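Coordinate analysis (summary)
The lines below spell out each chain.
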Amino acid sequence: MRTRLVGRQDELAEIGQLFAGTSRLVTLTGVGGVGKTRLALEAAARLQPRFRDGVWLVELSALGEGKSLPFAIAEALPLVDQSTRPMIDVLAEYLAEREVLLVLDTCEHLTEACSLAVQALVRAAPAVRVLATSRRLLGAPGEEVLTVEPLPVPESGDPAAARADAVVLLAERAAVRIPGLARSEAERSGLIGLARRLEGLPLAIELAAARLGEMSVEELTHALDDRFAVLGDTDEVVYEADPPWHQALRTAIGWSHQLCTPAERLLWARISVFAGTFDVEAAQQVCTDTLLAAERVPGLLAALVDKSILVPQPAAGSGARYRMLDTLREYGAGWLRGLGEEVELRCRHRIHYRALALAADAAWMGPDQAAWYERASAEYANFRAALDFCLGEGEDPRTALELAGALWFFWLGCGFLREGRHYLDRALRLSPVEGPVQSKAVWACGAVALGQGDCDAAARLATVFRAHAEAAGDAGMLCAAAHLEGGRLALTGRPAESATVFDAAPYTQDHGGGYTGARFLAWALRVFAHTNLGEFARACAVADALRAACDERGERWARAFADYVHGQAAYGLGRLDEATAHARTALEGKALLHDSIGIGTAIDLLACLAATTGHGERAARLLGIGQQTWNTIGRAQLGIPELIAAREACERSARAGAGNAAYEAAFHRGLADSSSDGLAYALRQDAP
């Protein structure tokens, strides 16, 4: 739950004035815990009406290296470009005609990468503005800097002391712990003194307020006084610390740390290795040993939430998730280094997320697919952190290869092709390992290359993988080889040749192993070849067999592909009601897993059906809705000749049926629909 921003009206007004003028980049800077992020979020909310194409938050604290920055920006935007162009070029093109405010939060560890990215984007996109939060300046030309100071604290004897922002914030947070506090003059005086002692730092105030209820205001103030006496009473920034701390914040965090039990302090340090959010199971797997028993972790996490060290996060599935504020994570990481455990814990983190990826891979083609999608999405920051560690200071490219290969379903089926290609290419370059791990990564990289339309890379990887498959004599691998080879032929408009490749592979048989997904993809592409060859009845029969095999497993992703190609075949046979039902079912399945390519193709098929039945305006609006998706992907109809020809024929038919003016109005209405409204319109059961 987002809490009310106390004070900061002058800063909010100044940010608004800067963006009302010529400023393209405004950086909010200041020490940790001063409230830069909260101020940026409030400013963004107020500025939103000024930006036609929205305000987008890019959280950077979980990124380990600057190479991932363009992917993080693309992930925050409604942009799922699958092509092979440099992502910064894709971003520049996407933003060129848009009015957007990007909020880059927590840039201090990526200042050079952020500076270069901002310069490229504002140069290419005149209406883009950037609001950054960072302890260090980005150093980009034209950067406007606003230093965020602590909240005002009252001077001694100030008659308006109780209305000072720092006191108001402390009173609001204290009231959560002790309802009715500050009714008496003595209580108000105590809060004023405590706010002064905390020097107006919002995070220090939050941490102190979390202790009220355990001790009185007077006891808490006395405890802080003792801590100040140990550290030295000064309001200067301690620059020799890592990171630099404001003395009051260092005092408040250190005091909160001191009041934690030894087990709480140990867990605080160890969970600092997580990026983004984490769940109880991950904390138990990564953080426990003979010093910290797994059964104690849930209670310790609850205690850290109660002390405002952790923040609970809503989760799509069962089980709570948690995150830690960056400043508190840094403090924990410092303690972890001091304990000599940093490398060990990061290795445990890597091992846990490799095991999680392997479990997801093994279960993906089954009934829990949607749950695994949600879990993989929630753990994305941790997967990325594990991969960066393996490919960087962790020096473990073999684990990176295994992890990136196991995540094929996430890269290919859930809209993360570009980042998957990034990690797979790096791991394959760095890892000399041969055998099953390398083979899986080669196939995964080839499958991702197919999704990007990079047929040259797909052909090269298919040749390597075919040699691995034949040497192993593994039927599942032979199906996967056919998927790469036949898929490349299908994408380049050679359906007869692709059919020959698929027919030589035993894709209808269950071979077990790690290539079930590839087998089902080969099966679906065989239906696609039948359709493109005009063999519609045969296509329906093969699609029915594929759908039955998917239903037997309780699987949705490949089933949605089967529904789509069945819909194409039924359309070819003139069975339009049947085709429409299959296209809608395909769209539902693809939307469940956010498969952008599947969503785009299914909507295009629904548009063709509407145009064929004389509903030109509905077809036009559907084409507009579909175009939104293709714009985010970056390659209309994947560049497949048959799909491009079908889309062009649909437009001609819709224009003829609706008239040019009505067509254009409906198309642009679809293009402007929100993604949820567009999806709802496409799935309408009462639609003609």
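Heads up: the structure comes first, above all this text.
For the structure given in this document, a descriptive report is provided here. (Residues numbered from 1 in each chain as written. Predicted model: local features only at pLDDT ≥ 70, side-chain atom pairs only at ≥ 80, totals over all residues. Heavy atoms only, no water.)

Within the protein, the secondary structure is distributed over 33 helices and ten strands. Here the protein has a C-alpha radius of gyration of 28 Å; the compact-globule value for 688 residues is 26 Å, and the two agree. Seen through its principal axes, the protein has C-alpha atoms that stretch 90 × 60 × 45 Å. In the structure as shown, the protein presents an accessible area of about 27200 Å², 52% of it carried by carbon and sulfur atoms. (Helix = DSSP H or I, 4+ residues; strand = E, 2+ residues; numbered from the N terminus. Rg over C-alpha atoms; globule rule 2.2 N^0.38 Å. Areas by Shrake-Rupley, 256 points an atom, 1.4 Å probe, with all protein chains shown as cover.)

Let's shift gears to the side chain of Arg348. Tracing the backbone shows Arg348 in helix α15 (residues 342-363). Once residues within four sequence positions are removed from consideration, Arg348 is found in contact with Arg270, Val286, Cys287, Thr288 and Asp289. (Contact = heavy atoms within 4.5 Å.)

Further remarks concern the packing of aromatic side chains. Here a ring pair, both rings aromatic, is described through the centre-centre distance and the interplanar angle of the planes. Per the counting criterion, the structure on display carries 20 aromatic pairs. Three or more aromatic residues joined by ring pairs make a cluster, and in this case those are Trp364, Trp408, Phe409, Trp443, Phe465, Tyr515 and Trp557. Stacked on the ring of Tyr94, the Lys or Arg Arg98 has its end atom at 3.8 Å from the ring centre. Above the face of the Tyr515 ring, Lys440 is positioned so that its terminal group lies 5.5 Å from the ring centre. (Phe/Tyr/Trp six-rings, centres within 6.5 Å; stacked < 30°, edge-to-face > 60°. Lys NZ or Arg CZ within 6 Å of the ring centre and 35° of its normal.)

Further remarks concern the sheet that holds strand β2 (residues 55-59). Strands sit in the order β2-β3-β4-β1-β5 across an open sheet of five strands; the sheet is parallel. At either end of the open sheet lies a strand with only one pairing partner, and these are β2 and β5 (143-147). Within this sheet the neighbouring strands show an average axis-to-axis angle of 20°, counted without direction. Bridge analysis of β2 against strand β3 (residues 100-105) gives five bridges, and the strand direction is parallel. Across the sheet, the residue bridging to Trp56 is Leu102, located in β3. Across the sheet, helix α3 (residues 69-76) touches β2 and β3, and the angle it forms with β2 is around 140°. (Pairing = 2+ DSSP bridges. Axes fitted to C-alpha atoms, helices over the stretch in contact; angles between N-to-C directions.)

Residues Trp364, Trp411, Trp443 and Phe465 are the most contacted members of the largest nonpolar core, which totals 199 residues. If one sorts the elements of this core by residue count, helix α29 (residues 596-612) sits on top with eleven residues. Leave out the neighbours within four places in its chain, and Trp443 touches Trp408, Phe465, Ala480, His483, Leu484, Tyr515, Ala518 and Leu521. Judged by nonpolar contacts, the second largest core, of 33 residues, contains Leu69, Ile73, Ala74 and Val90. (Core = buried A, V, L, I, M, F, W, Y, C linked by side-chain atoms within 4.5 Å. Buried < 20%, exposed > 50% of the residue type's maximum accessible area, 1.4 Å probe, protein only.)

A few words on the environment of Ala537. Residue placement: Ala537 occurs in helix α26 (residues 536-553). Residue classification places Ala537 among the exposed residues on the basis of a relative accessible area of 52%. Considered as a pair, Ala537 and Ser272 are 265 residues apart in the sequence and their alpha carbons are 58 Å apart.

Across the nine residues of helix α11 (residues 262-270), seven count as buried, placing the element largely inside the fold. If you check which residues of α11 are buried, you get Ala263, Glu264, Leu266, Leu267, Trp268, Ala269 and Arg270.

This brings us to the pattern of salt bridges. Across all of its chains, the model carries 45 salt bridges by this definition. Among the salt bridges present, the one from Arg52 reaches Glu99, with a minimum N-O distance of 3.6 Å. Pair noted here: Arg52 is in the loop between α2 (36-47) and β2 and Glu99 is in the loop between α4 (87-95) and β3, with a separation of 47 residues, a long-range link. Look at Arg52 and you get exposed, because its relative accessible area is 55%. Judged by its relative accessible area of 29%, Glu99 is partly exposed. Asp289 is the partner of Arg270 in a salt bridge, and the nearest nitrogen-oxygen pair spans 2.9 Å. Here the residue Arg270 occupies a position in helix α11, and Asp289 occupies one in the loop between α12 (280-287) and α13 (297-306), the gap between them amounting to 19 residues. (Salt bridge = Lys/Arg side-chain N within 4 Å of Asp/Glu carboxyl O.)

Turning next to empty space enclosed by the protein. Tallying each qualifying case throughout the model produces two cavities of 30 Å³ or more. Its boundaries defined by the atoms lining it, the largest cavity holds a volume of some 450 Å³. Lining the largest cavity are 23 residues, and of these Leu521, Leu525, Phe561, Ile597 and Leu638 lie nearest its centre. Where the lining of the largest cavity is concerned, the elements lending two or more residues are α21 (436-452), α23 (475-491), α25 (516-532), α27 (557-572), α28 (576-592) and α29. Considered class by class, the residues forming the lining of the largest cavity number 17 nonpolar, four polar and two charged. Empty space within the second largest cavity amounts to approximately 30 Å³. Together, Gly476, Asp510, His511, Gly512, Tyr515, Thr516 and Arg519 line the second largest cavity. For the lining of the second largest cavity, the residue count by class is one nonpolar, four polar and two charged. (1 Å grid on protein atoms, 1.4 Å probe; cavity = no way out; pocket = protein on both sides within 12 Å on 5 of 7 lines; lining within 4 Å. Points joined across faces, edges and corners; volume = space filled by probe spheres on them. Nonpolar A, V, L, I, M, F, W, Y, C, P; charged D, E, K, R; others polar.)

Quick look at the sheet that holds strand β8 (residues 278-279) now. Spatially, three strands are ordered β8-β10-β9 in an open sheet, and the strand pairing comes out antiparallel. Each edge of the sheet is formed by a strand with only one pairing partner; in this case those strands are β8 and β9 (310-313). In this sheet, strand β10 (residues 321-324) lies alongside β8 in antiparallel orientation, the contact comprising two bridges. In the strand pairing of β10, Phe278 is matched with Tyr322.

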